[in-house]
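# Descriptive analysis of the structure
Each chain, letter by letter, is given below.
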Amino acid sequence: MPIKPLNIFATQTIQHDFQNVLPLLTLTVQQLFEKHDYDMFVFRPGEASKTNITLEGYSFKNGDLKEGIIVKTIGLKLGSVIWFKIDDYGEYFVGTFLYPSEY
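Now for a quick tour of the structure. None of these values were measured; they are calculated from a predicted model.

Conventions adopted
- Along each chain, numbering runs from 1 in the same order as the chain's sequence is written.
- Per-residue local features are limited, in this predicted model, to residues with pLDDT of at least 70; the limit for side-chain atom pairs, both in listing and counting, is 80 or more; totals at the level of whole chains, interfaces and linings are taken over all residues.
- Side-chain calculation: all heavy atoms of the structure are included, whereas hydrogens and water are not.
- Labels follow the DSSP assignment, with helices taken as runs of H or I lasting at least four residues and strands as runs of E lasting at least two, numbered in each case from the N terminus.
- This radius of gyration counts C-alpha atoms alone. The globule rule is 2.2 Å times how many residues there are, raised to the power 0.38.
- Note on exposure labels: buried denotes an accessible area under 20% of the residue type's maximum, exposed denotes more than 50%, and partly exposed covers the range between, all computed with a 1.4 Å probe on protein chains only.
- Any two residues whose heavy atoms approach within 4.5 Å are treated as being in contact.
- In this tally, Asp and Glu contribute negative charge and Lys and Arg positive charge; neither His nor the terminal groups of the chain are included.
- Every charge is mapped onto a representative atom, which is NZ of Lys, CZ of Arg, CG of Asp or CD of Glu.
- Definition used in this section: a nonpolar core is a set of buried Ala, Val, Leu, Ile, Met, Phe, Trp, Tyr and Cys residues joined via side-chain atoms within 4.5 Å.
- Pairs were defined over the aromatic rings of Phe, Tyr and Trp, the Trp ring being its six-membered one, requiring ring centres within 6.5 Å. Orientation was assigned from the angle between planes: stacked under 30 degrees, edge-to-face over 60, tilted for the rest.
- Should the NZ of a Lys or the CZ of an Arg lie within 6 Å of a ring centre and within 35 degrees of the ring normal, that charge is described as sitting over the ring.
- When DSSP finds two or more bridges between a pair of strands, those strands are recorded as paired.
- Think of each axis as a best-fit line through the C-alpha atoms, taken over the contacting stretch in the case of a helix, with angles from 0 to 180 degrees between the N-to-C directions.

The next point concerns the overall build of the protein chain. Check the secondary structure of the protein chain and you find two helices and six strands. The order of α-helices and β-strands along the protein chain, N terminus first, is β-α-α-β-β-β-β-β. Taken over C-alpha atoms, the radius of gyration comes to 13 Å for the protein chain, in line with the 13 Å a tight globule of 103 residues would show. With respect to the principal axes defined by its C-alpha atoms, the protein chain has extents near 35 × 25 × 25 Å. A total of 103 residues make up the protein chain; the buried ones form 41% of that total. Long-range contacts, defined here as pairs at least 24 residues apart, represent 55% of the contacts in the protein chain between residues at least 6 apart. Averaging the coordinates of the 9 positive side-chain charges in the protein chain and doing the same for the 12 negative ones gives two points 8 Å apart.

Here we come to the nonpolar core. Grouped together as the largest cluster of nonpolar side chains are 24 residues, with contacts concentrated most on Ile14, Leu25, Phe41, Phe43, Ile82, Phe84 and Phe97. Counting only elements with at least two residues in this core, the list comes to strand E1 (6–10), helix H2 (22–35), strand E2 (40–45), strand E3 (51–58), strand E5 (82–88) and strand E6 (93–98). Ranked by residues supplied to this core, first place goes to H2 with five residues. In this view, Phe41 contacts Leu32, Phe33, His36, Ile53, Thr54, Leu55, Val71, Ile82, Trp83, Phe84 and Ile86; residues no more than four positions away in its chain are not counted.

A few words now on the packing of aromatic side chains. Following the criterion strictly, the structure yields eight aromatic pairs and no others. Each ring, one from Phe18 and one from Tyr99, has its centre 6.2 Å from the other, and the planes form 50°; the classification is tilted. You can see Phe18 sitting in the loop between helix H1 (12–17) and H2 and its partner Tyr99 sitting in the segment after E6, a full 81 residues away along the chain. In this structure, Phe18 and Tyr99 share a single accessibility class: buried. Geometrically, the ring pair formed by Tyr89 and Tyr92 is stacked, given 5.8 Å between the ring centres and 10° between the ring planes. Residue Tyr92 is classed as partly exposed on the basis of its relative accessible area of 33%. Here the aromatic residues Phe33, Phe60 and Phe93 are joined through ring pairs into a cluster of three or more. The ring of Phe93 is capped by Lys4, whose NZ or CZ atom sits 4.5 Å from the centre of that ring.

What follows deals with the sheet that holds strand E4 (residues 65–74). Strands sit in the order E1-E6-E5-E2-E3-E4 across an open sheet of six strands; the sheet is mixed. With one partner strand each, in any of the chains shown, E1 and E4 form the two edges of the open sheet. Ignoring which end each strand starts from, the neighbouring axes of this sheet average 20° apart. Sheet analysis places E2 next to E5, joined by four bridges and oriented antiparallel. Paired with Phe41 across the bridge in E5 is Phe84.

See the structure below:
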């Protein structure tokens, strides 16, 4: 959906805590953002060895709010909730992986 590039970053704590799986998380959000033009995805530990990714924000296209809608489940157990917050910088988007406490 988005025609502007998405530049992806992570806070230092996320880089440290998830360095082994950050490439997978990055690929996952790139794919999700192509289908869902929302400004926030949340990675939530699920059952067994799974993580649910939910929409938790506003559409860049029309401003609609969606919260708690599972858009993907990945076979990876994360130990805590991680946010992926996206901001529109005009010519490009910037997405950042962070803990909720870092916002």
